[in-house]
Amino acid sequence: MSKKVTPYKESELGKKEQVKQMFDNISGNYDGLNRVISLGTDVKWRKKIVAFLKDKSPDSILDIATGTGDLAIAMTKTGAEKIVGLDLSPGMLEVGKAKVSNKSLQDTIEMVLGDSENLPFEDNSFDAITVAFGVRNFENLEKGLEEIYRVLKPAGHFVVLETSVPTKTPFKQGYKLYTRYILPTIGKVFSKDKSAYNYLSESASVFPHGEAFNNILKKIGFIGVENKPQTMGVASIYVASK
């Protein structure tokens, strides 16, 4: 990442601890705000990940930065026998565990507290690994990706959904206005944490999206790297394998 962005600029904590604190603070209304902020398109993007992986028939899936478990729950439609949702925020996980329980998916989905840069799994453990709106929160991006590469099985698939910045007019200008003014305002109205949505928009703007992120994945060792812009370029789905 070209610039280090943290949620709480006055805090002496490292980025990882700040991100954990931020998501704990906003966990109670995170799902509702996501639907409002993305105008519901985040649901459509997740469906595309599920469709891609369903075609690969994975037995085991790890969803990193699982948050409240939306993607982990959606991935039950892939037919995977084992899905692990990992997150560093206990608050987000508690919301996710309740959703898993309400849908009676405890036998398929395990929600685990853990660090994406120090994954508590053996080498070559999962057929597929996903991260939705989480890689830009890694304190050390390359270390996190190296850990993902380590626990992914050979020929396994890695799929990332992450925000990106539109490059075409007028979407580029509209996106800047939305993320700079509208998104933080919505966050301040609905969230008790006024810094959180400033951070989410700022971190998205500096994340190395598109070909820059493709190159980082290739540097780690991933092959078959491809990015697929979504909704006029406001997000991208990246696919790669080991």
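Residues numbered from 1 in each chain as written. Predicted model: local features only at pLDDT ≥ 70, side-chain atom pairs only at ≥ 80, totals over all residues. Heavy atoms only, no water.

### Topic: the overall build of the chain
1) Next: Summing up its helical and strand segments, the chain has 9 helices and 7 strands in all.
2) Next: The globule rule puts the C-alpha radius of gyration for 242 residues at 18 Å, and the 17 Å found for the chain is close to it.
3) Next: Each principal axis of the C-alpha atoms in the chain carries an extent, and together these give about 45 × 35 × 35 Å.
4) Next: Expressed as a percentage of the 242 residues in the chain, the buried residues total 53%.
5) Next: In the chain, the proportion of contacts linking residues at least 24 apart, taken out of those at least 6 apart, comes to 71%.
6) Next: Accessible surface for the chain amounts to roughly 11,200 Å². Of this, 52% is attributable to carbon and sulfur atoms.
7) Next: Within the chain, one finds 33 positive and 29 negative side-chain charges whose respective centroids are separated by 8 Å. (Helix = DSSP H or I, 4+ residues; strand = E, 2+ residues; numbered from the N terminus. Rg over C-alpha atoms; globule rule 2.2 N^0.38 Å. Buried < 20%, exposed > 50% of the residue type's maximum accessible area, 1.4 Å probe, protein only. Contact = heavy atoms within 4.5 Å. Areas by Shrake-Rupley, 256 points an atom, 1.4 Å probe, with all protein chains shown as cover. Lys, Arg positive; Asp, Glu negative; His and termini not counted. Charge placed at Lys NZ, Arg CZ, Asp CG, Glu CD.)

### Digging into the pairing of strand β2 (residues 82–87)
1) Next: Among the 6 residues in β2, 5 count as buried, and that is most of the element.
2) Next: When strand β1 (residues 60–64) meets β2, the two strands line up parallel, connected through 5 bridges. Note that in β2 the partner of Ile61 across the bridge is Ile83.
3) Next: Pairing analysis gives 5 bridges linking β2 to strand β3 (residues 109–113), with the strands arranged parallel. Residue pairing in the sheet places Leu86 in a bridge with Val112 of β3. (Pairing = 2+ DSSP bridges.)

### Quick look at the nonpolar core
1) Next: Within the largest apolar cluster, 28 residues are counted, with the highest numbers of intra-cluster contacts made by Leu62, Ile148 and Phe158.
2) Next: The contact partners of Phe158, leaving out residues within four places of it in the chain, are Ile129, Val131, Leu145, Ile148, Leu152, Leu217, Phe222, Tyr238, Val239 and Ala240.
3) Next: Grouped together as the second largest cluster of nonpolar side chains are 24 residues, Ile73, Ile83, Phe133 and Ala235 included. (Core = buried A, V, L, I, M, F, W, Y, C linked by side-chain atoms within 4.5 Å.)

### Digging into the pattern of salt bridges
Oppositely charged side chains can pair when the atoms bearing their charge come close.
1) Next: Under the defined criterion, the tally for this structure stands at 14 salt bridges.
2) Next: Notably, a salt bridge pairs Lys20 with Asp24, separated by 3.7 Å at the nearest N-O pair. Of this pair, Lys20 and Asp24 both sit in helix α1 (residues 15–26), 4 residues apart, roughly one helical turn.
3) Next: Owing to a relative accessible area of 26%, Asp24 belongs among the partly exposed residues under this scheme.
4) Next: Close ionic contact of Asp42 with Arg46 constitutes a salt bridge, the shortest N to O distance being 2.7 Å. Taken as a pair, Asp42 and Arg46 lie in helix α3 (residues 41–54) at a separation of 4 residues, close to a single helical turn.
5) Next: A single salt-bridge network, built from bridges that share partners, covers Lys16, Asp115 and Glu117. (Salt bridge = Lys/Arg side-chain N within 4 Å of Asp/Glu carboxyl O.)

Read these as spatial facts, not as claims about activity.
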